[in-house]
Amino acid sequence: MWCRRLAWLFKVPCQLSGSTRHRSLWLPRDRRTSPTAAARWHHTAPESLKCAWQLHGDHLELRYANTLMRFDFVWLRDHCRSASCYNAKTNQRSLDTASVDLGIKPKAVRVDETTLFLTWPDGHVTRYGLEWLVKNSYEGQKQQVMHPRILWNAEIYRQAQVPSVDCRSFLETDEGLKEFLQNFLLYGIAFVENVTPTKEDTEILAERISLIRETIYGRMWYFTSDFSRGDTAYTKLALDRHTDTTYFQEPCGIQVFHCLKHEGTGGRTLLVDGFYAAEQVLRQAPDQFELLSKVPLKHEYVENVGDCHNHMIGVGPVLNVYPWNNELYLIRYNNYDRAVINTVPYDVVHRWYAAHRTLTTELRRPENELWVKLKPGKALFIDNWRVLHGREAFTGYRQLCGCYLTRDDVLNTARLLGLQA
């Protein structure tokens, strides 16, 4: 499945037979009987036959590392990495894409054991490493994942015994920060222990990995049950599982919670891996998964309390996937904030409700619920694009502080430490 493919492409060279009979199996079915068509396949080294290629009217077909790839000629010219076309120091394209002739064709093609050489009509030569082409081709990307993850229910997470990171190690060492980010990237949640229970210390913690995102709730916020924002979250009531800021065009990427004080009972935090639940839908009802990934919905936030007047609307499907490999990257699930469904025709909306029910059933399975008691000194970071959160009802005075972080900065910090993010 899309969420389990954590391995890179196989690097086994393709072993082709030198006979026309075996070579023709690479051709479209309607051309396998043509000796002329079969003869167009060229091998880089007849003795090993690790790679073969064939020119077509508008593209190059290349077989390498067990992958059959097709490259448009304009694409091959546009992505040239020569000094005149690409600035290797800045990692930016120098070639003006609009200047490339849309009917361009290479004048000559040559492939050795490691490199593709293309000579263009003006004499310019483009070189591509075959490994680079496998990694960057459409066919290669379909076999890779953008973000390796470990999907979990409550039992899987408990058995993994994912450690919390000590605050001092998190703040003062790259090793502690890297361990924290690795846990966060794999599981979508991570904890820091022994944090001084103040808003100021929580802010220092958050700024270690990201800029803090300013929102309508401010920069750093205190969270009490005073109904100050006209929102269910600002009460003592239980909250069902949800993701935050679904009414933003780009929902906040990471949420930080730190309980500063609780004098009462209840108030445990609920965490559910939305991607784990979505995978169950994909396995059981792929047509419903597809519907949830394509039907756009509106979510809204309406606030008219005191001097605060807001009406925010965000639009997007419940499940957001990369179209080339069907990998899920964002779940937008909040039944509290979903607006009137007026973006879906009548002959689709009933099927959408059925798909939504299937996903909700998975999200509400008791075995998928991880309950955590947040106490002063224990800060929780949540991937708001993946993990749903909620809480049980509580009594007494309960104060939390927290903030939202910019997703790009968190991922950048992880990459700088050598992690795939």
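Residues numbered from 1 in each chain as written. Predicted model: local features only at pLDDT ≥ 70, side-chain atom pairs only at ≥ 80, totals over all residues. Heavy atoms only, no water.

**Considerations on the sheet that holds strand 9 (residues 125-129)**
Step number 1: Read from one edge to the other, the open sheet built from three strands follows the order 7-8-9, with strand pairing classed as antiparallel. Edge positions in the open sheet fall to strand 7 (108-111) and strand 9, since each of these has one partner strand only. Put simply, the sheet's adjacent strands are angled 15° from each other on average, direction ignored. (Pairing = 2+ DSSP bridges. Helix = DSSP H or I, 4+ residues; strand = E, 2+ residues; numbered from the N terminus. Axes fitted to C-alpha atoms, helices over the stretch in contact; angles between N-to-C directions.)

**A few points about the side chain of Thr 215**
Step number 1: Mapped onto the elements of the fold, Thr 215 is located in the loop between strand 12 (212-213) and strand 13 (221-223).
Step number 2: On the basis of relative accessible area, Thr 215 is assigned to the buried category, the value being 15%.
Step number 3: When neighbours within four sequence positions are excluded, Thr 215 is seen to be in contact with Phe 248, Cys 252 and Tyr 404. (Buried < 20%, exposed > 50% of the residue type's maximum accessible area, 1.4 Å probe, protein only. Contact = heavy atoms within 4.5 Å.)

**Let's talk about the side chain of Arg 149**
Step number 1: Residue position: Arg 149 is located in the loop between helix 5 (138-142) and helix 6 (154-160).
Step number 2: Residue Arg 149 is classed as buried on the basis of its relative accessible area of 8%.
Step number 3: In terms of polar contacts, Arg 149 uses its side chain to reach the backbone carbonyl oxygen of Leu 328, at 3.2 Å. (Polar contact = N/O pair within 3.5 Å; in protein donor to acceptor, adjacent residues only side chain to side chain.)

**Describing the sheet that holds strand 21 (residues 370-372)**
Step number 1: With antiparallel pairing, the four strands of this open sheet are ordered in space as 14-23-16-21. Across the chains shown, the open sheet's two edge strands, defined by having one partner strand only, are strand 14 (239-242) and strand 21. Each strand axis lies, on average, 20° off the axis of its neighbour in the sheet, ignoring direction.
Step number 2: Across the sheet, helix 10 (residues 274-284) lies against strand 16 (269-273) and strand 23 (387-391), angled at about 40° from strand 16, the strand it touches most.

**Some words on unusual backbone geometry**
Step number 1: Even without being a glycine, Gln 161 presents a positive backbone phi close to 50°.
Step number 2: Residue placement: Gln 161 occurs in the loop between helix 6 and strand 10 (165-166).
Step number 3: The residue Thr 245 is not glycine, and still its phi comes out positive at about 50°.
Step number 4: Along the polypeptide, Thr 245 turns up in the loop between strand 14 and strand 15 (254-263).

**Details of the pattern of salt bridges**
Step number 1: What the rule picks out here adds up to 17 salt bridges.
Step number 2: The partner of Glu 172 in a salt bridge is Arg 168, with the nearest N and O atoms 3.2 Å apart. Of this pair, Glu 172 and Arg 168 both sit in helix 7 (residues 167-172), four residues apart, which is roughly one turn of that helix. The same class applies to Glu 172 and to Arg 168, which are both exposed.
Step number 3: Between Arg 283 and Glu 279 there is a salt bridge, with the nearest N and O atoms lying 3.2 Å from each other. Taken as a pair, Arg 283 and Glu 279 lie in helix 10 at a separation of four residues, close to a single helical turn.
Step number 4: Its relative accessible area of 0% is what places Glu 279 among the buried residues.
Step number 5: The network of salt bridges with common partners includes Asp 240, Arg 241, Arg 364 and Glu 369. (Salt bridge = Lys/Arg side-chain N within 4 Å of Asp/Glu carboxyl O.)

**Quick word on the packing of helix 10 against helix 12 (residues 346-363)**
For any two helices packed against each other, one specifies the inter-axial angle together with the distance between the axes.
Step number 1: At a minimum axis separation of 9 Å, helix 10 and helix 12 run at an interaxial angle of 130°. Judged by the inter-axis angle, helix 10 sits oblique to helix 12. The crossing of helix 10 and helix 12 is right-handed. Between helix 10 and helix 12, the contacting residues are Gly 274, Ala 277, Ala 278, Gln 280, Val 281 and Gln 284 on the first element and Thr 358, Leu 359, Glu 362 and Leu 363 on the second.
Step number 2: Taken together, the residues of the contact of helix 10 with helix 12 break down into five nonpolar, four polar and one charged. (Parallel < 35°, antiparallel > 145°, perpendicular 65-115°, else oblique. Left-handed = near helix turned anticlockwise from the far one by under 90°. Nonpolar A, V, L, I, M, F, W, Y, C, P; charged D, E, K, R; others polar.)

**So, the packing of aromatic side chains**
Step number 1: Enumeration according to the criterion identifies 19 aromatic pairs in this entry.
Step number 2: Ring geometry for Phe 180 and Phe 184: centres 6.5 Å apart, planes at 15°, overall stacked. Pair noted here: Phe 180 and Phe 184 are both in helix 8 (residues 174-187), with a separation of four residues, about one helical turn. Per residue, the accessibility class of Phe 180 equals that of Phe 184, and both read buried.
Step number 3: Taken together, Phe 71, Trp 75, Tyr 128 and Trp 132 form an aromatic cluster joined through their ring pairs.
Step number 4: Just above the ring of Phe 117 sits the side chain of Arg 110; from NZ or CZ to the centre is 4.0 Å. (Phe/Tyr/Trp six-rings, centres within 6.5 Å; stacked < 30°, edge-to-face > 60°. Lys NZ or Arg CZ within 6 Å of the ring centre and 35° of its normal.)

**Quick notes on helix 8**
Step number 1: With 14 residues, helix 8 should cover 20 Å at 1.5 Å per step; its first-to-last C-alpha distance of 20 Å lies within 8% of that length.
Step number 2: All buried positions along helix 8 are accounted for by Gly 176, Leu 177, Phe 180, Leu 181, Asn 183, Phe 184, Leu 185 and Tyr 187.
Step number 3: Gly 188 sits one or two positions beyond helix 8 and adopts a positive phi of about 80°. (Expected span 1.5 Å × (residues − 1).)

**As for the packing of helix 10 against helix 11 (residues 286-294)**
Step number 1: Close contact between helix 10 and helix 11 brings their axes to 5 Å; oriented N to C, the two are set at 130°. As summarised for this structure, helix 10 and helix 11 are arranged oblique, according to the angle between their axes. When helix 10 is examined against helix 11, the residues Ala 278, Val 281, Leu 282, Arg 283 and Gln 284 are found in contact with a partner set consisting of Pro 286, Gln 288 and Phe 289.
Step number 2: Tallied by class, residues from the contact of helix 10 with helix 11 come to five nonpolar, two polar and one charged.

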